[in-house]
Amino acid sequence: MSHPTSSLSALEARDAFISRHLGPNPAEQAEMLAALGAASLDEVIAQTVPAGIRLAEPLPIAGPAPEQEALADLKTIAGKNVLKKSLIGMGYYGTHTPTVILRNVMENPGWYTAYTPYQAEIAQGRLEALLNWQQMVCDLTGMELANASLLDEATAAAEAMTMARRMSKSKSNVFFVDAACFPQTIDVVNTRAGYFGYELVIAPAAQAADQDAFGALLQYPNVSGEIADYSALIAAAKARGAAVAVATDLMALVLLKSPGEMGADIAFGSGQRFGVPMGFGGPHAAFFATHESNARSMAGRIIGVSKDARGKTALRMALQTREQHIRREKANSNICTSQVLLANMAGMYAVYHGPEGLRTIARRIHRLAKIFAAGLSETGFTLRADNFFDSFDIDTGESTATILQAALDAGYNLRRVSATVLGVSFDETHTRADLAALFGTFGVQADIEALDQAVAGARLPAELLRSDAILTHPVFNTHHTESEMLRYLKKLQNKDLALDHSMISLGSCTMKLNATSEMIPVTWPEFGAMHPFVPQDQATGYLEMIEGLADYLRAVTGFPAICMQPNSGAQGEYAGLVAIRRYHAARGDAQRNICLIPKSAHGTNPATAQMCGLEVVVVACDDNGNVDVADLKAKLAAHGDKLAALMITYPSTHGVFEEAVREICALVHAAGGQVYMDGANMNAQVGLTSPGYIGADVCHLNLHKTFCIPHGGGGPGMGPIGLAAHLAPFMADHAVAATGNEGRAHAGQGAVSAAPFGSASILPISWMYIRMMGGSGLKQATEVAILNANYVANQLKNDYPVLYMGSQGRVAHECILDIRPIKAATGITEVDIAKRLMDYGFHAPTMSFPVAGTIMVEPTESEDLGELERFIAAMRAIRNEIRRIEAGELPADDNPLKNAPHTQLDVISNEWTHPYSRDEAVFPLPYVRENKFWPSVNRIDDVYGDRNLFCACVPMDAYAS
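For clarity, every value in this text was computed on a predicted model and none was experimentally measured. (Residues numbered from 1 in each chain as written. Predicted model: local features only at pLDDT ≥ 70, side-chain atom pairs only at ≥ 80, totals over all residues. Heavy atoms only, no water.)

**Quick notes on the overall build of the protein chain**
From N to C terminus, the protein chain includes 35 helices and 25 strands. Taking 961 residues into account, the globule formula puts the C-alpha radius of gyration at 30 Å, and the protein chain, at 28 Å, falls close to it. Principal-axis analysis of the C-alpha atoms places the extent of the protein chain at approximately 85 × 75 × 70 Å. Of the contacts made within the protein chain by residues no fewer than 6 positions apart, 77% connect residues no fewer than 24 positions apart. Accessible surface, the protein chain as shown: approximately 31900 Å² in total, 51% of it carbon and sulfur. Taken together, the 75 basic and 100 acidic charged side chains of the protein chain have centroids lying 3 Å from each other. (Helix = DSSP H or I, 4+ residues; strand = E, 2+ residues; numbered from the N terminus. Rg over C-alpha atoms; globule rule 2.2 N^0.38 Å. Contact = heavy atoms within 4.5 Å. Areas by Shrake-Rupley, 256 points an atom, 1.4 Å probe, with all protein chains shown as cover. Lys, Arg positive; Asp, Glu negative; His and termini not counted. Charge placed at Lys NZ, Arg CZ, Asp CG, Glu CD.)

**Let's talk about the pairing of strand β25 (residues 854-857)**
The side-chain alternation of β25 yields two buried faces, one formed by Thr854 and Met856 and the other by Ile855 and Val857. Pairing geometry for strand β23 (residues 815-818) and β25, over four bridges, is antiparallel. Counted as the bridge partner of Ile816 is Met856 from β25. Bridge analysis of strand β24 (residues 846-847) against β25 gives two bridges, and the strand direction is antiparallel. Note that in β25 the partner of Met847 across the bridge is Ile855. (Buried < 20%, exposed > 50% of the residue type's maximum accessible area, 1.4 Å probe, protein only. Pairing = 2+ DSSP bridges.)

**A closer look at the packing of aromatic side chains**
Each aromatic ring pair is summarised here by two numbers: the centre-to-centre distance and the angle between the ring planes. For the structure on display, the rule yields 25 aromatic pairs. On the basis of an interplanar angle of 15° and a centroid distance of 6.2 Å, the ring pair of Phe280 and Phe757 is categorised as stacked. Remark: Phe757 occurs in the loop between β22 (721-723) and α28 (763-796) and Phe280 occurs in the loop between β7 (266-270) and β8 (286-290); sequence separation between them is 477 residues. For the pair shown, Phe280 and Phe757 are each scored as buried. Aromatic side chains Phe923 and Trp934 sit 6.0 Å apart centroid to centroid with 75° between the ring planes, which places their arrangement in the edge-to-face category. (Phe/Tyr/Trp six-rings, centres within 6.5 Å; stacked < 30°, edge-to-face > 60°.)

**Quick notes on the pairing of strand β20 (residues 674-678)**
Two faces, one strand: in a regular strand the side chains alternate between the faces of the sheet. The buried fraction of β20 is high, at five of five residues. Relative to β20, strand β19 (residues 643-649) runs parallel, the two being bridged by five bridges. Paired with Leu646 across the two strands is Val675, which belongs to β20. The pairing of β20 with strand β21 (residues 698-700) spans two bridges and is classified as parallel. Across the sheet, Tyr676 pairs through a bridge with Val698, a residue of β21.

**Remarks on the sheet that holds β23**
If you trace the three strands from one edge of the open sheet to the other, you get β23-β25-β24, paired in antiparallel fashion. The sheet is open, and its two borders are formed by β23 and β24, each paired with just one other strand.

**A few points about the nonpolar core**
Phe274 and Phe392 are the most contacted members of the largest nonpolar core, which totals 265 residues. The leading source of residues in this core is helix α15 (residues 340-378), at 22 residues. Setting aside its immediate chain neighbours within four residues, Phe274 contacts Thr95, Met136, Leu140, Leu250, Met251, Val254, Met345, Ala346, Tyr349, Ala350 and Leu358. Within the second largest apolar cluster, 65 residues are counted, among which are Ala157, Ala295, Leu319 and Cys612. (Core = buried A, V, L, I, M, F, W, Y, C linked by side-chain atoms within 4.5 Å.)

**A word on empty space enclosed by the protein**
Throughout the structure, instances matching the rule amount to nine cavities of 30 Å³ or more. Considering only enclosed or pocket space, the largest cavity measures out at about 180 Å³ in volume. Along the walls of the largest cavity sit 21 residues, with Gly91, Tyr93, Phe182, Pro221 and Asp249 positioned nearest its centre. Of the residues assigned to the lining of the largest cavity, the class counts are six nonpolar, 10 polar and five charged. (1 Å grid on protein atoms, 1.4 Å probe; cavity = no way out; pocket = protein on both sides within 12 Å on 5 of 7 lines; lining within 4 Å. Points joined across faces, edges and corners; volume = space filled by probe spheres on them. Nonpolar A, V, L, I, M, F, W, Y, C, P; charged D, E, K, R; others polar.)

**Thoughts on the packing of α15 against helix α19 (residues 482-493)**
Interaxial distance between α15 and α19 falls to 10 Å at its minimum, and their mutual angle equals 145°. For α15 against α19, the interelement crossing comes out right-handed. Residue-level inspection shows Met348, Val351 and Tyr352 of α15 in contact with α19, the latter providing Glu482, Met485, Tyr488, Leu489 and Leu492. Considering only residue class, the contact of α15 with α19 consists of seven nonpolar, no polar and one charged. (Axes fitted to C-alpha atoms, helices over the stretch in contact; angles between N-to-C directions. Left-handed = near helix turned anticlockwise from the far one by under 90°.)

**Quick notes on the sheet that holds strand β11 (residues 382-383)**
Taken in spatial order, the four strands line up as β11-β12-β15-β14 in an open sheet, and their pairing is antiparallel. With one partner strand each, in any of the chains shown, β11 and β14 (415-418) form the two edges of the open sheet. Pairing of β14 with strand β15 (residues 421-425), which is carried by three bridges, proceeds in the antiparallel orientation. Directly across from Arg416, in β15, lies its bridge partner Leu422. Across the sheet, α15 touches β11, β12 (391-395) and β15, and the angle it forms with β12 is around 15°. Contacts from helix α16 (residues 400-410) reach β14 and β15 within the one sheet, and its direction differs from that of β15 by about 35°.

Here is the structure:
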């Protein structure tokens, strides 16, 4: 048998990862092209992407790299980081992720590849995990209602400020901020307040009740570690009409009096130290809690309890309409996401340890701090806090620099407060050996055992300690062995459909492969164990990786500047519009306050514009779904020199490459405005065109879409922005840690997120993706995404009309299927189709966005022809079921769609009264029988859930009812 002769270069297969990432192989691509009547993939792209915006040159990104080589290269970069034990604190602490949670949640694609739980019937597992998180937060904060998490502590503070404005009846424009809040929090709040027109008063906490303010923000414990009973202060501030928010610490609240008991209206903070690595600043779940009466004023998602069609307890996202619309032009928040994966980790940390385990951890942390404080005090050092939990400042005078250097030499980072003051913060990773080493750096000879005995009986004042029980629900008192925890996590995972089961074809959400080699570096300690405020010379590897990724993104976007700070797509939008506003102000054009937004835009677009103090003016779309250029010209003429920006998504939200996009950009520029491009659909641009080449001025990138960071069940994400040269000086900086060199043009510009580089520890995912794909692979990914979408549209167009196509009959990377004629004829809605797809083993496409009564399908480049065919077969089978309803063979109110999804309980029930068989219900196609996914509940009653809002853990026996 002869073998073909191959060169060594060919045998090295440096491009092997490309075929791992792309679903259809060359033979499958040929079959799909034949179905489309196209001779080549180039022909399809030529028919789809306007020639005038096509890049003439390949992406300036090096060729693809094999997986092991890319991992080795990144390991070398990571090795340049210097890991020291942190005592910096300021909201970031060392923690031990229980390994059962690390392996079975953080590293498990069953948890990290799931989507936001809009389809609750196939998301009961993560919804239960999020309900655990909410219950934990309620218990520890002393509040009645918590949301499913926010992005970080600083942006949660900004949300608290705007919520205080909604709650307060005060006519004041002042928001009071405790000067002892974390500086990064003050930085972000200051940025946000400016565009709402709020006046910040930053002063010692004791002055909070002296102000005529609509709201007040206190930190407890504060940046110096001090704790005080704020009950009287809160009461006094509220008596003057202020709503009071307290930034706090979950671990401290295990022992300390809760903000709720003190009378606070809002409590928030970071859940990071509950088992989530520091990761150079993120991703971390911020918690946010308030009273039930404020439910409709609270930003973010809320998980609630409802009933399914059988009356069984079932969980869902409560108040979804409120969350999805994000108040548009009336917005004071654009938050459309959360940190689900991290919230689930933190909630499971509490489940695993339970109340007694948490108390042991908290007491040990407090004991270490007390022993160290006692040893320093005995030696003559002066402490700056009488009462503290884990942190305190120390007067170190002329010895400050010497002690700081001695600590660095011994492997510890202390907090440098000033030239004469150092601070320390203890956490669960510290030990008695660390105490001994730290005493040495301060020149203290200490007997730790003697000090332990001396402080053992010393308690904080009773008025500072909590007296109420916490975490009494059985879920926090059951799963304390690893076997119990493992089985509980598996039980929840089995209830959820994620990418490890089947394609998730969500339009505009780009649910593509999150390759294992991309995910592995996230849990390397070189990336996970680093505090965001370490000296820069300790983060050389991190900064090299971040700059390398920024270089890749410069090549992809065509922009010279990249800001890596925004930690979600919505934050990217905000950062981009802030840069535009700063740019206009610097040019003396502060009057430019009009933001034009096409009618088809994401709901976050008008919300973000409103948050930036811009007035939204809607631009019409024509019959083909494109921006109506005539209407755009009329709006430009009407608003003259008040135009600030146009926000546009490209390809359009309707799934089409608009041919007039360059003309649109030119018209806006001629009117003195800037073009903001929403990067939600970048998966159709990479390697073929770019925002900079098209003519945009700034664009955010959803790294959790186009660049393979997984959705995590609803977060984390990253939303860095690319900026043209003239906008680069106006990107976000950071008050604590610089985001560039000393000569950076944007020095001192206010922050938009808590950490200088957002959720830095997930950036290696995108770095690995681009490194392994190379410029040529990225282009292929875009081309195949467009091919897959056109194949699906072509195969389904006879069953479901494709609403919008380009001038040559092609769609971009997604297509909108019109369900409205079906609804008019049969009463079957897009919701019914979504629920019926569950019986076929699929998550539904995007429903009713951007057009009500439609579904939007985005298959991505990672799905092979076999998976596409299974989805197409499911959609065709559902259409045939609908035809049976049209023909009168099935009743309009009792059919497989109206009763979907079907559960195992339906199949084994003694009663079956439907006019179709059980087999038709649960095994509608042969492939379903081979790999059946069983929804754990029947269709959920959304109305019941909203009318009977209940957002805490339910009694365990309710699940059996």
